[in-house]
Amino acid sequence: ETTIIDYGTKIKKDSLAYNLHSWSAQGGLNPKVITKAEGIYFWDADGKKYFDMSSQLVNMNIGHGHRKVVDAIKEQAEKMAFMGPAYAFDVKSEAARKIVEVAPDNMGKVFFTNAGAEANENAIKIARMFTGKYKIFSRYRSYHGASYGAANLTGEKRRFPSEPGIPGFVKFFDPYLYRAPIPFKDEKEATKYYITQLREQIIFEGPDKVAAIFLETVTGSNGIIIPPEGYLKGIRDLCDEFNIVMVCDEVMAGWGRTGEWFAVNHWDVNPDLITFAKGATCGYIPLGGVIVSSKIADFFDENTMWCGLTYSGHPIGCATAVATIEVYKEEKLMENSKKVGSVLGKILETLKTKHKCVGDVRYIGLFSGIELVKDKTTKEPLVPHGNDPEKIMKNILGMLSSEGFATYSHDNILIVAPPLTITEDELKEAMEIMDKVLDYVDNMISV
Ligand code: PLP
């Protein structure tokens, strides 16, 4: 046992000495050393077991260590680890065909990238080439990736290091109804307000200059914001009216997370481009891409598509996607996401009724957020936007983790998004930990 602990200590020491960790000041970090991961669990170097209640970065939809996917990777590595993007080969054709088959009906072709940010970078270029226009609209409560273009699409503060931004990138406000500045009678009224306001903004920016509107179909990192009734249809209509490309960023919301292959399926709307990554290969190997409508694909029959990457359509990435898509089908993970997701929804509603620190719960499939407040009536957030000097959220996450519930947060919102393979019983067991920790938060806000 001593040896295992020494081993963990050495790994942590080297990690702090040599790794730069994302989105953090490096001093004072204390990363957990992880030695094993299986299914919905992972273990640290002390042998402690955790429920992976965020599926890592909401990407491990099929859970850890899936045999079928591991074997597909081994097999492809043996057969042909790499072939350049100019060539056709079995798994690249098959992965694209399988993706188009599960995408909305109007979709035609796929351009593969390495991950989500690159998918959005290429979607920006495709929209500009297709329309001949340059302005790009996206929302404030959004995260679209950390590379330069994707960071400029991003609305939240992770965009700031990439500023001054790219000219022509315009932000608009999200339909975040829980904190809407004016009370709306219902979702339809809210939709009318947000769509009318956006239409006016497009007119003021010049519709002949606007190439694309990007949105996370269901906003993920920024707190699980689900579009109100008619909203996506409203965006579609604006895009049709002004010849603007509608881009759904499904990097996080796609691949069964919401109970459908793509979140947009819930609202029966056909976007022009869908960007994806995460759940396409569930992290076994990085892969992302842009799914392009047949209409846009046809445009590139005559016009050069100025996009390319050494690793576009990487054989091992594509083999992984083929196996992962088969796992989704064989294990009926869309269905499980819906079924266990409805249990999750009930549990979250109970937590909201029971705990005075829970202001709002939002959920769709196995994609959910718990919004913590100091006071349910005033909705004052437990910590202000972008600022938690007392490390209150970190402390709450630490308590969850010490009870074996691993996840992350954004501002005052806890993310709950377990692998789609989770059973009802496992979910209930994990959510009891959440219930206990929320008791503690209730006490904390009472004093
Ligand atoms: N888009 C969305 C909606 C995301 O959630 C993320 C990552 O969290 C990205 C894009 C960026 O993807 P990646 O980190 O694979 O570049």
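Remember, it's a predicted structure, so these values are computed and weren't measured experimentally.

J.: Would you take a moment to explain the overall build of the chain for this structure?
T.: In terms of helices and strands, the chain carries 13 helices and 15 strands. Its C-alpha atoms give the chain a radius of gyration of 22 Å, near enough to 22 Å, the size a compact globule of 447 residues would have. For the C-alpha atoms alone, the extent of the chain along its principal axes is close to 65 × 60 × 40 Å. Across the 447 residues of the chain, 54% fall into the buried class. Of all intrachain contacts in the chain linking residues separated by at least 6 positions in sequence, the fraction that spans at least 24 positions is 72%. Side chains of the chain carry 52 positive and 59 negative charges; the gap between the two charge centres is 2 Å.

J.: I keep staring at the packing of aromatic side chains and nothing clicks. Help me out?
T.: The description of an aromatic ring pair rests on the distance of the ring centres and on the angle between the ring planes. Counted by the stated rule, this structure contains 18 aromatic pairs. Where Phe 112 meets Phe 276, the ring centres are 6.5 Å apart and the plane angle is 85°; that geometry is what we call edge-to-face. Remark: Phe 276 occurs in strand β9 (residues 273-276) and Phe 112 occurs in strand β4 (residues 107-113); sequence separation between them is 164 residues. Assigned by exposure class, Phe 112 and Phe 276 land together as buried. Each residue in the set Phe 112, Trp 255, Trp 261, Phe 262, Phe 276 and Tyr 328 is aromatic and connected to the rest through ring pairs, giving one cluster. Directly above the ring of Tyr 50 sits Lys 48, whose terminal nitrogen or CZ lies 5.5 Å from the centroid.

J.: Help me out: how do you make sense of the site of the ligand in this one?
T.: Looking at the ligand, there are 13 residues lining it, with Gly 116, Ala 117, Tyr 143, Asp 249 and Lys 278 nearest. One of the backbone nitrogen or oxygen atoms of Gly 116 is found 2.9 Å away from an oxygen atom of the ligand. Within the side chain of Asp 249, one N or O atom sits 2.7 Å away from a nitrogen atom of the ligand. Coverage of the ligand by the protein amounts to 82% of the 390 Å² it exposes when considered alone. Considering every element that reaches the shell around the ligand, the biggest residue donor is helix α5 (residues 116-131), with three residues. In terms of residue class, the shell around the ligand is made up of five nonpolar, five polar and three charged.

J.: Even after reading the chapter, I still don't get the packing of helix α7 (residues 187-205) against helix α8 (residues 231-242), so can you show me in this structure?
T.: In the contact formed by α7 and α8, the axes pass within 9 Å of each other and the chain directions differ by 25°. When the axes of α7 and α8 are compared, the pair comes out roughly parallel. In this structure, α7 crosses over α8, and the sense of that crossing is right-handed. Between α7 and α8, the contacting residues are Thr 191, Tyr 194, Ile 195, Leu 198, Arg 199, Ile 202 and Ile 203 on the first element and Tyr 231, Gly 234, Ile 235, Leu 238, Glu 241 and Phe 242 on the second. Residues belonging to the contact of α7 with α8 are distributed by class as follows: nine nonpolar, two polar and two charged.

J.: Hey, could you run me through the packing of helix α12 (residues 392-402) against helix α13 (residues 424-446) in this one?
T.: Geometry of a packed helix pair, given as the angle between the helix axes and the separation of the axes. Interhelical geometry of α12 versus α13 gives an angle of 145° and a closest axis separation of 9 Å. Crossing handedness for the pair α12 and α13: right-handed. The segment α12 lies against α13, with Ile 392, Asn 395, Ile 396, Met 399 and Leu 400 engaging Ile 433, Met 434, Val 437, Tyr 440, Val 441 and Met 444. Counted by class, the contact of α12 with α13 contains ten nonpolar, one polar and no charged residues.

J.: Sorry if this is basic, but what is going on with the sheet that holds strand β5 (residues 135-139) here?
T.: Within a sheet, each strand pairs with its neighbour through backbone hydrogen bonds, oriented either parallel or antiparallel. The strand order β4-β10-β9-β8-β7-β5-β6 describes an open sheet built from seven strands, whose pairing is mixed. At either end of the open sheet lies a strand with only one pairing partner, and these are β4 and β6 (169-172). Geometrically, the sheet is characterised by an average inter-axis angle of 20° between neighbouring strands, direction not taken into account. Both β5 and β6 contribute to a ladder of four bridges, which runs parallel.

J.: What's the story with the pairing of β5 in this structure? I'm lost.
T.: Regular strands place side chains that alternate from one sheet face to the opposite one. Among the five residues of β5, five are classified as buried, and the element is accordingly described as predominantly covered. Where burial is concerned, the two faces of β5 agree: the one with Lys 135, Phe 137 and Arg 139 and the one with Ile 136 and Ser 138 are both buried. Regarding the hand of the β-α-β motif, the stretch spanning β5, helix α6 (residues 148-153) and β6 is right-handed.

J.: What exactly am I supposed to notice about the domain arrangement of the chain here?
T.: Accessible area lost upon the coming together of the parts serves often as the stated size of an interface. One can read the domain layout of the chain as domain 1 (32-62 + 332-446) and domain 2 (67-330). On a C-alpha basis, the centroid separation for the pair domain 1 and domain 2 is 26 Å. Across the domain 1 to domain 2 interface the summed buried area is about 3000 Å²; carbon plus sulfur atoms make up 60%. Looking at the side of domain 1 facing domain 2, the largest losses of area belong to Ile 62, Met 334 and Phe 367, adding up to 25% of the total buried there. There are two salt bridges connecting domain 1 and domain 2. For Arg 179, the salt bridge goes to Glu 371, with nearest N and O atoms at 2.8 Å. For the pair domain 1 and domain 2, the interface holds 22 residue pairs in polar contact (both at pLDDT 80 or more). Counting residues per element, the side of domain 1 that touches domain 2 draws most heavily on strand β11 (residues 358-364), at five residues. Split into classes, the residues belonging to the side of domain 1 that touches domain 2 amount to 19 nonpolar, eleven polar and six charged.

Calculation criteria
- Residues numbered from 1 in each chain as written.
- Predicted model: local features only at pLDDT ≥ 70, side-chain atom pairs only at ≥ 80, totals over all residues.
- Heavy atoms only, no water.
- Helix = DSSP H or I, 4+ residues; strand = E, 2+ residues; numbered from the N terminus.
- Rg over C-alpha atoms; globule rule 2.2 N^0.38 Å.
- Buried < 20%, exposed > 50% of the residue type's maximum accessible area, 1.4 Å probe, protein only.
- Contact = heavy atoms within 4.5 Å.
- Lys, Arg positive; Asp, Glu negative; His and termini not counted.
- Charge placed at Lys NZ, Arg CZ, Asp CG, Glu CD.
- Phe/Tyr/Trp six-rings, centres within 6.5 Å; stacked < 30°, edge-to-face > 60°.
- Lys NZ or Arg CZ within 6 Å of the ring centre and 35° of its normal.
- Near = heavy atom within 4 Å.
- Polar contact = N/O pair within 3.5 Å; in protein donor to acceptor, adjacent residues only side chain to side chain.
- Areas by Shrake-Rupley, 256 points an atom, 1.4 Å probe, with all protein chains shown as cover.
- Nonpolar A, V, L, I, M, F, W, Y, C, P; charged D, E, K, R; others polar.
- Axes fitted to C-alpha atoms, helices over the stretch in contact; angles between N-to-C directions.
- Parallel < 35°, antiparallel > 145°, perpendicular 65-115°, else oblique.
- Left-handed = near helix turned anticlockwise from the far one by under 90°.
- Pairing = 2+ DSSP bridges.
- Right-handed = clockwise from strand over helix to strand, strands pointing away.
- Domains from an automatic or database assignment.
- Buried area = accessible area lost by both parts, 1.4 Å probe.
- Salt bridge = Lys/Arg side-chain N within 4 Å of Asp/Glu carboxyl O.

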